[in-house]
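Fold and geometry: a report
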Amino acid sequence: MRLILFRLIGILEIAGGFYGVVAALHRLLPLGSTHESIFALIDLAVFAFVLIAGVLLLDNSERGIAFSRWAQLLQVPLIATSAFSYALSSGAFVNVFSTLHLPPHLLLDSHFGTQGFVLATSGPGTSRIGINLLALLSWLALRFR
């Protein structure tokens, strides 16, 4: 069971990491503004790390398990406020989040076969905070192997 679970996590990391690297290169290559290029390089580095973590996890190495733990931990928080936004998903996500305005609403969002990375100094009009349950469960599976 452990091997099947680790392979599934590794496959999702490889797929999401590869797709993220391609998307980051697509953003980086037109050589736009310096601000856009810096965020594209950060994007590229994050998804390259996730891709490498997935490859090493499929290789069943201890370093792959450690890198995958970090890759999953980076995907857990979801923060979207007017001052700062952060979210990362690679391969799939099951997000549980709440709006911070009154009355707060608890919402569930999920998607398979996707990637996304948001790092910004501004955010949406409606602030939200939450966690990626799939990343949290994957991190726990890798942590308590």
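Keep in mind that what you see is a predicted model, and the values were worked out from it rather than measured.

Topic: the confidence of the model for the protein chain
Of all residues in the protein chain, 99% have pLDDT values of 70 or greater, and the mean over the chain is 87. Per-element confidence in the protein chain is highest for helix 3 (residues 62-75), whose mean pLDDT is 94, and lowest for strand 3 (residues 106-120), whose mean pLDDT is 82.

Digging into the environment of Ser122
Among the secondary structure elements, Ser122 is positioned in the loop between strand 3 and strand 4 (128-132). Residues in contact with Ser122, not counting those within four places in the same chain, are Thr81, Ser82, Ala83, Phe84 and Ser85.

Details of a nonpolar patch on the surface
A contiguous nonpolar patch, built from Leu137, Leu140 and Phe144 and spanning about 330 Å² of accessible area, is present on the exposed surface. Turning to its location among the elements, Leu137 is positioned in helix 4 (residues 133-143).

Some remarks on the packing of aromatic side chains
Applying the stated criterion to the full structure yields three aromatic pairs. With a centroid separation of 6.4 Å and an interplanar angle of 85°, the aromatic rings of Phe47 and Phe117 are classed as edge-to-face. Highlighted residues: Phe47 in helix 2 (residues 34-58) and Phe117 in strand 3, separated in sequence by 70 residues. On the numbers, 5.5 Å between centres and 45° between planes, the contact of Phe49 with Phe67 is tilted. You can see Phe49 sitting in helix 2 and its partner Phe67 sitting in helix 3, a full 18 residues away along the chain.

Considerations on the side chain of Ser89
Within the fold, Ser89 resides in strand 2 (residues 85-99). Since its relative accessible area comes to 10%, Ser89 is described here as buried. Leave out the neighbours within four places in its chain, and Ser89 touches Phe47, Gln75, Thr114, Gln115 and Gly116.

With respect to the pattern of salt bridges
Taken as a whole and assessed by the stated rule, the structure comprises one salt bridge. As a salt-bridge pair, Asp43 and Arg27 come within 2.7 Å of each other at their nearest N and O atoms. Highlighted residues: Asp43 in helix 2 and Arg27 in helix 1 (residues 2-28), separated in sequence by 16 residues. On the accessibility criterion, Asp43 (5% relative accessible area) is buried.

Describing the environment of Gly54
Along the chain, Gly54 falls in helix 2. Judged by its relative accessible area of 0%, Gly54 is buried. Sequence separation between Gly54 and His111 is 57 residues, and the spatial gap between their C-alpha atoms is 19 Å.

Parameters at a glance
Residues numbered from 1 in each chain as written. Predicted model: local features only at pLDDT ≥ 70, side-chain atom pairs only at ≥ 80, totals over all residues. Heavy atoms only, no water. pLDDT = per-residue confidence, 0-100. Helix = DSSP H or I, 4+ residues; strand = E, 2+ residues; numbered from the N terminus. Contact = heavy atoms within 4.5 Å. Patch = residues over 30% accessible without salt bridge, like charges linked within 9 Å, V, L, I, M, F, W, Y side chains within 5 Å. Areas by Shrake-Rupley, 256 points an atom, 1.4 Å probe, with all protein chains shown as cover. Salt bridge = Lys/Arg side-chain N within 4 Å of Asp/Glu carboxyl O. Phe/Tyr/Trp six-rings, centres within 6.5 Å; stacked < 30°, edge-to-face > 60°. Buried < 20%, exposed > 50% of the residue type's maximum accessible area, 1.4 Å probe, protein only.

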